[in-house]
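Residue-level listing of the chains:
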Amino acid sequence: MSRIYTLAEVSSMLHNDYPSGASVSVANVDASVLEMIEKGQIFVNFYTLVLIQKGKMSYALKGNLIELEENDLVLVPPNYPVSYDSYSDDLLALNLMIEESYYHKVLQFDTNLMDMEYSYAYDLLPVFHLDTNKRELFLDMSKQIQNTIRIPHLYREEMVDHLVHVVQLLFSELLYGGEIQPSHDLTNKQNIFKIFIHLASRNFKKERQIKFYADNLNITTTYLSRTVKEMSGQTVNSYLNTFLYNEICKLLRSSSYNISEISDILFFNDQSALTNFFKSRSGMTPVAYRRSFMGK
């Protein structure tokens, strides 16, 4: 009798860095991984988005033979019987796995997506062949999700929520042929806040003026400031400075860059500006922090 595998069990089997209790997991799958999977039908209790990066594979899903080649993307719903049919020796696939309850929780953030009927799409089991832009978007989102769930972060939950939401928007675009508009429904302050967090996490190293983010959201700086404050109790600058401070700490702990190089990487005017910023938040200079962390 077939058993149902959980996200934690599959992640452990794939030997990826899966934080305990995480609702999302990202893993590369190759031919050697599929050789370890039991023959016959298996069930998993989570959503899986599979992107073929190299090679080919085919499998039976709910009695249908699904054939995938390079740049093909398919969404495998939870609790569907899957059995692997064949795969090439050079296979490399990216699997983005999302717990069912979490997938629907994020989906509820967006009333536009909630209104769409997805169940028929699961029954049709469509295969999407991605162009270069969509392939890179999916890979980028998956990489960001992987990096975010691995590293403890003050806003990790909000960032993962939004990244998963962007993936859902991508899938929606593929289903319905529309354009991805992460800034759609901007009357919804929750969406504005999530999109700001996503934009800030990607651009804070260079862009630390509120106008950049307001322009990208197509709203005024006043409205963005008020929305972020109402949704989180913090200011736009507070978020940007926190992202910046955490990045400096990370570079001081895990890189060999000197202070001047870190200053250039993070687009400070000069080394003194970085030192003053860091000292105002930590109470010590970057050099002292690095020595303290290294035990020197």
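This write-up is about the structure you can find in this document.

Okay, helix α14 (residues 286-294) next. When α14 is considered as a whole, its buried residues turn out to be Pro-286, Tyr-289 and Arg-290. In an axial view of α14, the angular spread of the buried residues amounts to 95°, which keeps them on one side of the axis. Those residues of α14 that are exposed and angled more than 90 degrees off the buried face are Arg-291 and Ser-292. Buried-residue contacts for α14 involve α11 (236-254), α12 (259-265) and α13 (271-282).

Here we take up the packing of aromatic side chains. The geometry of an aromatic ring pair is captured by two quantities: the separation of the ring centres and the angle between the planes. Taken as a whole and assessed by the stated rule, the structure comprises 10 aromatic pairs. For the ring pair Phe-128 and Phe-171, a centre distance of 5.8 Å and an interplane angle of 85° mean the geometry is edge-to-face. You can see Phe-128 sitting in strand β10 (residues 127-129) and its partner Phe-171 sitting in helix α7 (residues 156-176), a full 43 residues away along the chain. On the accessibility criterion, Phe-171 (5% relative accessible area) is buried.

Here we take up the sheet that holds strand β8 (residues 82-87). Strand order in the open sheet formed by 3 strands is β6-β5-β8, and the pairing between neighbours is antiparallel. Looking at the sheet topology across the chains shown, the edges are occupied by β6 (64-68) and β8. Taken pair by pair, the neighbouring strands of this sheet meet at an average axis angle of 20°, ignoring direction. Two strands pair when backbone bridges link them, and strand β5 (residues 57-61) and β6 are joined in this way by 5 bridges, in the antiparallel orientation. Pairing of Met-57 across the sheet is with Leu-68, part of β6.

Listed in full, the buried residues belonging to helix α9 (residues 210-217) are Tyr-213, Ala-214 and Leu-217. Down the axis of α9, the sector holding all buried residues measures 100°, keeping them to one side. Positive backbone phi, approximately 60°, marks Asn-218, located one or two places after α9.

Attention shifts here to the layout of surface pockets. As a volume, the largest pocket reaches approximately 690 Å³. Along the wall of the largest pocket there are 22 residues; nearest its centre are Met-159, Ser-201, Phe-204, Glu-247 and Lys-250. Mapped onto the lining of the largest pocket, the elements with two or more residues apiece are α6 (132-150), α8 (189-203) and α11. Element by element, the count of residues in the lining of the largest pocket is highest for α11, at 6 residues. Residue classes in the lining of the largest pocket are distributed as 7 nonpolar, 7 polar and 8 charged.

Per the counting criterion, the structure on display carries 1 cavity of 30 Å³ or more. Empty space within the largest cavity amounts to approximately 340 Å³. Lining the largest cavity we find 24 residues, and of these Ile-42, Val-44, Thr-48, Tyr-84 and Asn-95 sit closest to its centre. Elements with a minimum of two residues in the lining of the largest cavity: α1 (7-14), α2 (31-36), β3 (43-44), β4 (46-54), β5, β8 and β9 (92-99). Across the lining of the largest cavity, the residue classes break down as 22 nonpolar, 2 polar and no charged.

Let us look at unusual backbone geometry. Unlike most non-glycine residues, Asn-71 shows phi in positive territory, near 75°. For Asn-71, a relative accessible area of 17% translates into the label buried. At Phe-267, a residue that is not glycine, the phi angle is positive and equals roughly 60°. Within the secondary structure layout, Phe-267 lies in the loop between α12 and α13. What makes Phe-267 partly exposed here is its relative accessible area of 45%.

Counted under the stated rule, the structure contains 7 salt bridges. Of the charged contacts in the structure, one is a salt bridge between Glu-136 and Arg-135, with a shortest N-O distance of 3.6 Å. Relative accessible area serves as the criterion here: at 42%, Glu-136 is assigned to the partly exposed category. Exposure remark for Arg-135: the relative accessible area of 16% places this residue in the buried category. Each of the salt bridges in this network shares a partner with another, and the network as a whole consists of Lys-205, Glu-247 and Lys-250.

Another aspect to go through is the side chain of Asn-95. Its location among the elements puts Asn-95 in strand β9. Not counting the four nearest positions on each side in its chain, Asn-95 is found in contact with Ser-25, Val-26, Ala-27, Val-29, Thr-48, Leu-49 and Val-50.

Of note, Asn-203 is situated in helix α8. Exposure remark for Asn-203: the relative accessible area of 24% places this residue in the partly exposed category. The spatial distance from the C-alpha of Asn-203 to the C-alpha of Leu-240 is 9.2 Å, given a sequence separation of 37 residues. Each residue touching Asn-203, except ones within four places of it in the same chain, is listed here: Phe-212 and Tyr-213.

Rules and cut-offs
- Residues numbered from 1 in each chain as written.
- Predicted model: local features only at pLDDT ≥ 70, side-chain atom pairs only at ≥ 80, totals over all residues.
- Heavy atoms only, no water.
- Buried < 20%, exposed > 50% of the residue type's maximum accessible area, 1.4 Å probe, protein only.
- Helix = DSSP H or I, 4+ residues; strand = E, 2+ residues; numbered from the N terminus.
- Arc of directions from axis to C-beta.
- Contact = heavy atoms within 4.5 Å.
- Phe/Tyr/Trp six-rings, centres within 6.5 Å; stacked < 30°, edge-to-face > 60°.
- Pairing = 2+ DSSP bridges.
- Axes fitted to C-alpha atoms, helices over the stretch in contact; angles between N-to-C directions.
- 1 Å grid on protein atoms, 1.4 Å probe; cavity = no way out; pocket = protein on both sides within 12 Å on 5 of 7 lines; lining within 4 Å.
- Points joined across faces, edges and corners; volume = space filled by probe spheres on them.
- Nonpolar A, V, L, I, M, F, W, Y, C, P; charged D, E, K, R; others polar.
- Salt bridge = Lys/Arg side-chain N within 4 Å of Asp/Glu carboxyl O.

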